[in-house]
Each structure stands twice: as C-alpha cells, then as structure tokens.
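Commentary on secondary and tertiary structure
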Amino acid sequence: MAAFKLSPSPDTDRLIMGMRAVAVLGLAAIPLHYIVLKRLLAMVETVRAGDPFVAENADRLQAIAWRWSR
C-alpha cells in the first residue's frame, strides 16, 4: 500500500482486490490475443507470398470474427 501512497482503510482493501481482478483478467486475455495474432500473422505471410486472396485467409477472418463477436 505504501507504493500507492494509500492509508489502511476498508476502501483500500476493495481497491487492492479490484486491481488484482483487473490483473487476472489481463492475464486471462493473453491466450485469446495470442490466437488472434497468430492468425493475423499467417494472413500477412500469404500476402508476402503474393497471394492474399486464399480460402484459408477467409477462414481465419471468420474464426477471428466469431471469437470476437461473442
């Protein structure tokens, strides 16, 4: 609590728990973002190869859109 310059109080405990919850949510989002970024990187690789309009890219976009639309 000293790092945040907070004095001990009931509100301080709630603040610390809230900060922990935000940290846990951030850590839980890492695998989801990893999957999305891997698919985007695969799409960029097909563009670099000179063929951006392949069926796999459409599948990747649909998978990303499905995951984010929930």
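Each chain carries its own residue numbering, running from 1 in the direction its sequence is written. Only residues with pLDDT of at least 70 are given local features in this predicted model, and only at 80 or more are side-chain atom pairs given and counted; all residues enter the totals for whole chains, interfaces and linings. The side-chain figures draw on all heavy atoms in the structure; neither hydrogens nor water molecules are used.

Focus on a nonpolar patch on the surface
- A cluster of nonpolar side chains, contributed by Phe 4, Leu 15 and Met 19, occupies part of the molecular surface with about 270 Å² of accessible area.
- Considering the arrangement of structural elements, one finds Leu 15 in helix α1 (residues 10-48).
- The class for Leu 15 is partly exposed, based on a relative accessible area of 41%. Like charges within 9 Å and nonpolar side chains (Val, Leu, Ile, Met, Phe, Trp, Tyr) within 5 Å are joined into patches, using only residues over 30% in relative accessible area that form no salt bridge. Note on areas: Shrake-Rupley with a 1.4 Å probe; residue coverage comes only from the protein chains shown. One speaks of a salt bridge when a side-chain nitrogen belonging to Lys or Arg is within 4 Å of a carboxyl oxygen belonging to Asp or Glu. Numbering goes from the N terminus for both helices and strands, where a helix is a DSSP run of H or I of at least four residues and a strand is a run of E of at least two. For each residue, the accessible area found with a 1.4 Å probe, counting protein chains only, is set against the maximum for its type, and the residue is called buried under 20%, exposed over 50%, and partly exposed in between.

What to know about the environment of His 33
- When you line up the elements, His 33 lands in helix α1.
- His 33 sits 21 residues away from Thr 12 along the chain, and the two C-alpha atoms are 31 Å apart.
- Polar contacts, as used here, are pairs of N or O atoms within 3.5 Å; protein pairs need one atom able to donate a hydrogen and one able to accept it. Residues neighboring in sequence count only if both atoms are side-chain atoms. Within polar-contact distance, the side chain of His 33 engages the backbone oxygen of Ala 29 at 2.8 Å.

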